[in-house]
Structure formats: C-alpha cells, structure tokens
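Per-entry structural report
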Amino acid sequence: IWRLVTNFLFLGPFSFPFLFQMVFLCQYAVSLEKEAFSGRSADFFYMLLVSGLVMVFGVYITDAGFPFLSHAMVMLLVYVWSKQESNMSRSMSFLGLFQFQAMYLPFVIMLFSVLMGQSPVMTYKN
C-alpha cells in the first residue's frame, strides 16, 4: 500500500535533471494551486489523486515496469499548467535560448531532455 504513494516522491539521484524536476514541481504546483485552483485545494488534491491512480493503474495494466512515477506527475503538473487558458499565450524563454508560447512547454522540456541524452520517459530503472 505504501508504494502507491511513495513512487511519486522519488525524483532520482541528485543531478542536473533532479534540480530541473524540483524547480518544475515547486513552480508549477504552486502556480496551479494559487491560480487555477484558488480557494479549491480539495479539487487540486482530487486532481492529483485521480491522476496518480490512473498512472498506477496504467502501469499495472500495461506491465510497463516503471518503479517511480514522480517524473510523470511533475510533467502532469506542467502540462495542466500550460493548458490553462490564462497561460496558453504567455511567452516563455527556455534557459534564455529561445522564445515560445507556454502551451508548448511540456514538449520543450521533452526535447531538452532528449538533447541532454536522456530518455523522454524517465523511469530510473537499474
């Protein structure tokens, strides 16, 4: 039972991708809770709960073998944030290199991870 919760808490070993995941988690979870779910913390928790259950069920059904789903949860928060109507047309800069609209942020993150030599699906398998 404890694995249903703790698999969302491990963001990998301390490294450059770990720092990015922490920044994304803090920035976009706080932004979502303050803006999109303002005054509705229970709805935010319910979104996280249902999303987490769907992820766990999906991994179980497909037998994908992902031991940790924290990266997927962080990307869910980034995706939901980027699809909010108030954020979709917001102009963003990724590492000061290029400009793009916020609705493309999840895809920019995935492209950046591939360019860094990582899999776009972070599984932390040994």
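You'll find the structure just up there.
Here's what I pulled together on the structure shown here.

Criteria and cut-off values
- Residues numbered from 1 in each chain as written.
- Predicted model: local features only at pLDDT ≥ 70, side-chain atom pairs only at ≥ 80, totals over all residues.
- Heavy atoms only, no water.
- Axes fitted to C-alpha atoms, helices over the stretch in contact; angles between N-to-C directions.
- Helix = DSSP H or I, 4+ residues; strand = E, 2+ residues; numbered from the N terminus.
- Parallel < 35°, antiparallel > 145°, perpendicular 65-115°, else oblique.
- Left-handed = near helix turned anticlockwise from the far one by under 90°.
- Contact = heavy atoms within 4.5 Å.
- Nonpolar A, V, L, I, M, F, W, Y, C, P; charged D, E, K, R; others polar.
- Patch = residues over 30% accessible without salt bridge, like charges linked within 9 Å, V, L, I, M, F, W, Y side chains within 5 Å.
- Areas by Shrake-Rupley, 256 points an atom, 1.4 Å probe, with all protein chains shown as cover.
- Salt bridge = Lys/Arg side-chain N within 4 Å of Asp/Glu carboxyl O.
- Buried < 20%, exposed > 50% of the residue type's maximum accessible area, 1.4 Å probe, protein only.

Let us look at the packing of helix 2 (residues 16–36) against helix 4 (residues 70–82). Closest axis-to-axis distance for the helix 2/helix 4 pair is 9 Å, and the angle between their directions is 45°. What the angle tells us is that helix 2 and helix 4 run oblique. Along this stretch, helix 2 crosses helix 4, giving a crossing that reads as left-handed. Counted together, Q21, F24, L25, Y28, A29, S31, L32 and E35 of helix 2 and H71, V74, L77, V78, V80 and W81 of helix 4 form the full contact between these two elements. Class assignment for the residues of the contact of helix 2 with helix 4 results in ten nonpolar, three polar and one charged.

Glancing now at a nonpolar patch on the surface. A cluster of nonpolar side chains, contributed by F45, Y46, L49, V50, L53 and V54, occupies part of the molecular surface with about 610 Å² of accessible area. On the secondary structure map, V50 appears in helix 3 (residues 41–62). Take V50: its relative accessible area is 34%, and that puts it in the partly exposed class.

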